[in-house]
Each structure stands twice: as C-alpha cells, then as structure tokens.
Amino acid sequence: MNNPKPKEWVSDNLSRGYIADYKGFNFVDGEGVRCSLYVSGCPFHCEGCYNAYAQSFKYGVPYTDELEAKILNDLAHEGVQGLTLLGGEPFLNTGTCLAIVKKMRARFGNEKDIWSWTGYTWEEMMQESADKLELLSLIDVLVDGRFEQDKFDPNLAFRGSSNQRIIDVQKSLASGEVVCYFN
C-alpha cells in the first residue's frame, strides 16, 4: 500500500481518462438505485483490493461524450437515486469525474445524490489539491480510507474494512470536522 504526501499524486500527471466500467441501475454502490462509474487507476494498491483490475491507469476504455450522455440519461430515470464514483481512484481522475458531476448537478441540482469511494482519508483530503477539493465539494457521501485486509469485515455496509468511514460530506465541510453519514 502506498501513502502519498499531500499533493504528491496529481490527476493531470496520472489519469489517462480511462473508465474501467460503467454499471447503470445497480443496488450495491450506495443507497438506492445507482449509476456507478468505475474510473481507471489507483496507486494505493491496497492488499486485497476489491477492484484490483482497475488499479492500472491504462485499463479499460477512454471516457467519451457518448458514455457521459448515457450516464446522464440513465440518471434521469425517476427510480435512480444518484451517481457513484469509484474505481480506481476518483480523486486521481478529477478531469473525468468533475465533468460528469458538474453536468449532473447542472441538470438535476441536488435531486440526485453523489457517493464516492476514495483511498484518501478525510484528513489527507483536506490537505490536497484544488481539483480534489472541488470534486469533494460536489459529493454528498464519501467512503474514505484505504482498504486494510486485516480489518476486513463482510458485515460492514458500503465498506470493506473497519477503518473506513462513511462521511456526510456537506455536513463535514460546514462543521470543519468529520460527520458520519451513518456508522
């Protein structure tokens, strides 16, 4: 597992704009029916990673306008609660993630929610670059922290290891401290 210094890993230097997968209308990547965008590339390399195939920034296919249009159309379905960003590492693919998130917010406002997973802890994220903080500011729920195999618990909701937190991003940003969405 890798532990970056603040601002050491930069999306512009690492991301190739590749997508490992897109899954519309699923029920596992957050609450309700979700549209899930799995970005490619993650240098954390957590042992036991659920999506190890997506660790390469070269894996998958390029993000396209056609895929973006499909995601936005899928999100328009009444039963879809929101978008999920995972991968790979969304915060090292900010060009792609900011593009879809901004268009989603422009079209749906806060009617649909956004969940994201990251290997960064909240505390690390608070020391990060402007693009990462901009993406964070547009997200509702963040599952933070690296997956730790020795803390794996299959009974945890929406996280793989007990060190990871499910954070209410907007309340946390407003209060200046971590506010859990639920435990």
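The coordinates are above.
Predicted, not measured: the structure shown is a model, and the values here were computed from it. (Residues numbered from 1 in each chain as written. Predicted model: local features only at pLDDT ≥ 70, side-chain atom pairs only at ≥ 80, totals over all residues. Heavy atoms only, no water.)

A. Here's a closer look at the overall build of the chain. If you tally the helices and strands in the chain, you get 6 helices and 7 strands. Secondary structure elements of the chain, listed N to C terminal, follow the sequence α-β-β-β-α-β-α-β-α-α-β-β-α. If you line up the chain on its principal axes, its C-alpha atoms span 40 × 35 × 30 Å. Looking at the chain residue by residue over its 183 residues, the buried ones come to 50%. Considering only intrachain contacts with a sequence separation of at least 6, the fraction spanning at least 24 residues in the chain is 68%. Surface exposure of the chain reaches about 8,600 Å², of which carbon and sulfur atoms provide 50%. Separation of charge centres in the chain, based on 18 positive and 26 negative side chains, amounts to 2 Å. (Helix = DSSP H or I, 4+ residues; strand = E, 2+ residues; numbered from the N terminus. Buried < 20%, exposed > 50% of the residue type's maximum accessible area, 1.4 Å probe, protein only. Contact = heavy atoms within 4.5 Å. Areas by Shrake-Rupley, 256 points an atom, 1.4 Å probe, with all protein chains shown as cover. Lys, Arg positive; Asp, Glu negative; His and termini not counted. Charge placed at Lys NZ, Arg CZ, Asp CG, Glu CD.)

B. Focus on the packing of aromatic side chains. Applying the stated criterion to the full structure yields 10 aromatic pairs. Relative to Tyr 120, the ring of Phe 44 lies with its centre 5.1 Å away and its plane at 85 degrees, an arrangement referred to as edge-to-face. Of this pair, Phe 44 sits in the loop between β2 (33-39) and β3 (61-62) while Tyr 120 sits in the loop between β5 (113-117) and α4 (122-125), placing them 76 residues apart in sequence. Each member of the pair, Phe 44 together with Tyr 120, is buried. Within the aromatic cluster, the residues linked to one another by ring pairs are Trp 115, Trp 117, Phe 158, Tyr 181 and Phe 182. Sitting over the face of the ring of Phe 108, Lys 112 holds its NZ or CZ atom 5.8 Å from the ring centroid. (Phe/Tyr/Trp six-rings, centres within 6.5 Å; stacked < 30°, edge-to-face > 60°. Lys NZ or Arg CZ within 6 Å of the ring centre and 35° of its normal.)

C. Focus on the nonpolar core. Core analysis: the largest hydrophobic core is formed by 38 residues, its most contacted members being Leu 37, Ile 71, Leu 75, Leu 83, Leu 85 and Ile 100. Looking at this core, the elements that each hand over two or more residues are β1 (18-26), β2, α2 (65-75), β4 (80-87), α3 (94-108), α4 and α5 (130-137). If you tally residues by element for this core, the top one is α3, at 6 residues. Among all residues touching Leu 37, those that are not within four sequence positions of it are Ile 19, Asp 21, Tyr 22, Tyr 63, Leu 67, Ile 71, Thr 84, Leu 85, Leu 86, Thr 96 and Ile 100. One finds Trp 117, Val 141, Val 143 and Ile 166 within the second-largest nonpolar core, a separate group that totals 9 residues. (Core = buried A, V, L, I, M, F, W, Y, C linked by side-chain atoms within 4.5 Å.)

D. Inspection of the layout of surface pockets at higher detail. The computed volume of the largest pocket comes to approximately 630 Å³. Tyr 50, Asn 51, Trp 117, Gly 160 and Gln 164 are the residues nearest the centre of the largest pocket, which is lined by 25 residues in total. Split into classes, the residues belonging to the lining of the largest pocket amount to 11 nonpolar, 10 polar and 4 charged. (1 Å grid on protein atoms, 1.4 Å probe; cavity = no way out; pocket = protein on both sides within 12 Å on 5 of 7 lines; lining within 4 Å. Points joined across faces, edges and corners; volume = space filled by probe spheres on them. Nonpolar A, V, L, I, M, F, W, Y, C, P; charged D, E, K, R; others polar.)

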